[in-house]
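# Topology and contacts: notes
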Amino acid sequence: MRRKPLGQMLHEAGNGSDGRKLVRSFGVLQLTMISVGATLGTGILVILGDSVPLAGPAVFISFLIAGIAALLSAVSYAEMAGMVPVSGSSYSYTYATLGEGMAWICGWCLVLEYAVSVAAVAVGAGQYINEAVASFGWALPDFISQPPGSGGFLNLPAMAIVLLAMFLLVRGAKESAWINTVIVFVKIIILLFFCAIAFTAFHAGNFSPLMPMGAAGVSAAASRVFFSYIGFDAASTAGEEAKNPQRDLPRAIMLSMVIVTSLYVLVAVAAVGARQWTWFEGTQAALVQILLEITHQPWMGLVFSVGAVLAIASIVLTVLYGQTRILMSMSRDGLVPKIFGRISEKRGTPVAGTLIVGIAVALTAGLIPLGALADATSIGTLFAFALVNVAVIYLRRNRPDLKRTYRVAFYPVTPILGSLMCIYLMVNLGGITWVVFVAWMLVGLLAYFGYGRRHSRVAALSDAEYRELSALSLESTDMFDAGSPAPATTSPDTKAP
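Being a predicted model, the structure only gives us computed values, none of them experimental.

Attention now goes to the overall build of the protein. Broken down by element type, the protein carries 19 helices and 0 strands. Out of the 497 residues in the protein, the part that is buried amounts to 60%. Residue pairs in contact within the protein that sit at least 24 positions apart in sequence constitute 83% of those at least 6 positions apart. Here the protein displays about 18200 Å² of accessible surface, and carbon together with sulfur accounts for 68% of that area.

Turning next to the packing of helix 14 (residues 298-332) against helix 15 (residues 351-367). Where helix 14 contacts helix 15, the axes come no closer than 10 Å and their chain directions differ by 125°. Judged on the interaxial angle alone, helix 15 and helix 14 are oblique. Judged by the sense of rotation from one axis to the other, the crossing of helix 14 with helix 15 is right-handed. Residues Leu-320, Gln-323, Thr-324, Arg-325 and Leu-327 of helix 14 touch helix 15, and the partners they reach there are Gly-353, Thr-354, Val-357, Gly-358 and Val-361. The residue inventory of the contact of helix 14 with helix 15, partitioned by class, reads 4 nonpolar, 5 polar and 1 charged.

On to the pattern of salt bridges. Under the defined criterion, the tally for this structure stands at 6 salt bridges. Arg-404 serves as the salt-bridge partner of Glu-79, at 3.2 Å between the closest nitrogen and oxygen. Highlighted residues: Glu-79 in helix 5 (residues 59-83) and Arg-404 in the loop between helix 16 (370-398) and helix 17 (413-427), separated in sequence by 325 residues. Accessibility expressed as a relative area gives 0% for Glu-79, which makes it buried. Here Arg-404 falls in the buried class, since its relative accessible area comes to 12%.

Quick look at helix 12 (residues 245-274) now. Since the α-helix advances by 3.6 residues per turn, residues separated by three or four positions end up pointing in the same direction. Taking 1.5 Å of rise per residue, 30 residues should cover 44 Å, and helix 12 covers 42 Å from first to last C-alpha, within 8% of that figure. Of all 30 residues in helix 12, 21 are buried; the element is thus mostly enclosed.

It is worth spelling out the environment of Gly-82 at this point. The topology assignment puts Gly-82 in helix 5. Classification of Gly-82 by relative accessible area gives buried; the value is 0%. Every residue in contact with Gly-82, bar those within four places of it in the chain, is listed here: Gln-246, Pro-250 and Thr-405.

Okay, the packing of aromatic side chains next. The geometry of an aromatic ring pair comes down to the distance between the two centres and the angle between the two planes. Within this structure, the stated rule accounts for 14 aromatic pairs. Taking the centre distance of 6.2 Å and the plane angle of 75° together, the rings of Phe-60 and Phe-207 count as edge-to-face. You can see Phe-60 sitting in helix 5 and its partner Phe-207 sitting in the loop between helix 10 (173-198) and helix 11 (214-225), a full 147 residues away along the chain. Grouped by ring-pair contacts, the aromatic residues Trp-104, Trp-108, Trp-440, Tyr-448 and Phe-449 constitute a single cluster. Positioned above the aromatic ring of Tyr-466, the side-chain terminus of Arg-2 is 4.5 Å from the ring centre.

For the pair helix 2 (residues 28-39) and helix 12, the least separation of the axes is 8 Å and the interaxial angle reads 40°. Judged by the inter-axis angle, helix 2 sits oblique to helix 12. Judged by the sense of rotation from one axis to the other, the crossing of helix 2 with helix 12 is right-handed. Of the residues in helix 12, those in contact with Val-28, Leu-31, Thr-32, Ser-35, Val-36 and Thr-39 of helix 2 are Asp-248, Leu-249, Arg-251, Ala-252, Leu-255, Ser-256, Ile-259, Val-260 and Tyr-264.

Cut-offs applied
Residues numbered from 1 in each chain as written. Predicted model: local features only at pLDDT ≥ 70, side-chain atom pairs only at ≥ 80, totals over all residues. Heavy atoms only, no water. Helix = DSSP H or I, 4+ residues; strand = E, 2+ residues; numbered from the N terminus. Buried < 20%, exposed > 50% of the residue type's maximum accessible area, 1.4 Å probe, protein only. Contact = heavy atoms within 4.5 Å. Areas by Shrake-Rupley, 256 points an atom, 1.4 Å probe, with all protein chains shown as cover. Axes fitted to C-alpha atoms, helices over the stretch in contact; angles between N-to-C directions. Parallel < 35°, antiparallel > 145°, perpendicular 65-115°, else oblique. Left-handed = near helix turned anticlockwise from the far one by under 90°. Nonpolar A, V, L, I, M, F, W, Y, C, P; charged D, E, K, R; others polar. Salt bridge = Lys/Arg side-chain N within 4 Å of Asp/Glu carboxyl O. Expected span 1.5 Å × (residues − 1). Phe/Tyr/Trp six-rings, centres within 6.5 Å; stacked < 30°, edge-to-face > 60°. Lys NZ or Arg CZ within 6 Å of the ring centre and 35° of its normal.

Shown next as structure tokens:
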């Protein structure tokens with residue numbers, strides 16, 4: 001039940017488990033592009049074909065519902081990110097408010113969210129690679145382009161994209177951020193290009209009936225496409241590598257949500273307007289198929305497929321980045337092995353942790369089908385988002401003195417609605433997904449009591465040391481300025497958590 005003192009959390013920011021420093025190189029543009037890069041494209045490019053059969057033409061309403069739920073949580077993320085600009089995202093926010101036990105559960109959900117979403121998106125990229133080579137009359141055999149259970153043995157294209165992102169991240173965060181920024185602009189252009197073509201074949205009759213599967217179908221699709229919005233919290237994992245995190249993180253999170261939601265709804269309307277909702281059943285790489293059927297120009301399919309692969313690659317890059325930074329924060333607290341938090345002196349990044357995560361995610365992408373991955377990601381994400389909304393309420397009530405660079409509007413209604421929306425979408429996920437989630441949580445509890453609880457740095461403090469550090473965090477608000485020097489303690493024997 002111990003909470004990590006907020007001031008101490010900030011003074012550890014930027015350090016790995018080995019004491020080496022991360023490099024602060026991100027401005028608001030790079031942070032926004034990390035958030036957009038991790039978000040934009042997944043729901044449209046990868047799982048649109050799975051979502052339209054659930055919701056019918058009202059799939060754009062599903063995107064709006066999921067977008068509203070994400071926005072309600074995004075504003076809570078913005079407040080927390082401006083107040084506690086560290087790399088742990090909702091794991092760190094929960095640690096500071098609800099205690100170590102809930103923080104571990106949240107961090108374990110984030111491992112599920114990030115690692116599995118990278119694998120899911122990479123699987124979708126394999127579909128577009130197939131469309132690209134089909135323009136030349138070629139086809140990748142299912143044996144090397146589909147996972148077991150889908151007619152293949154190993155999804156090599158998906159694995160290749162994850163490994164490429166891994167090597168880019170190993171080279172350095174600044175270089176990866178600039179590559180991501182370029183790719184994000186490319187993906188926005190190709191989605192607008194699709195809309196321009198699709199609206200030439202628009203038929204209003206395709207939206208009748210609007211909800212053939214009823215409101216339940218729209219809700220079920222909203223739960224699935226919520227997977228498309230998880231990326232905005234990737235910006236909050238960059239808090240320790242941002243130049244001015246308390247100012248720029250809230251701006252980046254809110255700006256990215258506006259960009260992503262607008263484009264998702266626009267593309268969904270264009271796609272359904274161009275083809276009847278029943279056409280999407282079982283369709284892979286739906287957008288490129290629509291382009292080919294409208295234009296009958298193979299080169300258009302090639303251009304869009306290449307652009308889609310780049311777009312998906314940026315999602316893999318940014319979400320994999322977020323995963324490594326969360327594990328780095330957990331390692332710094334002693335809850336996972338130190339190797340995940342070791343910073344390379346040459347690269348200024350957690351190289352060893354990046355390699356371990358990259359290889360594990362690549363194997364997951366190569367061996368597991370897309371549908372199971374997408375739903376498992378959504379439930380872990382929704383649980384973590386609900387906890388962030390609770391954290392905002394807790395700190396408003398118990399720490400009203402803290403410096404906040406952004407404040408949630410209409411408090412406490414907004415965070416309460418954010419939590420309720422997350423719970424509502426979780427309930428609409430299937431029974432198999434809940435079984436997987438419960439099993440994942442049980443494995444997480446075994447890992448916590450088997451390793452994390454015994455190695456926790458906060459738990460190792462004596463009661464006197466813990467009270468002293470907690471009081472120290474309460475005494476001064478200037479400690480929350482990023483980059484301020486560590487406070488002196490009154491006792492030379494005092495341990496840092």
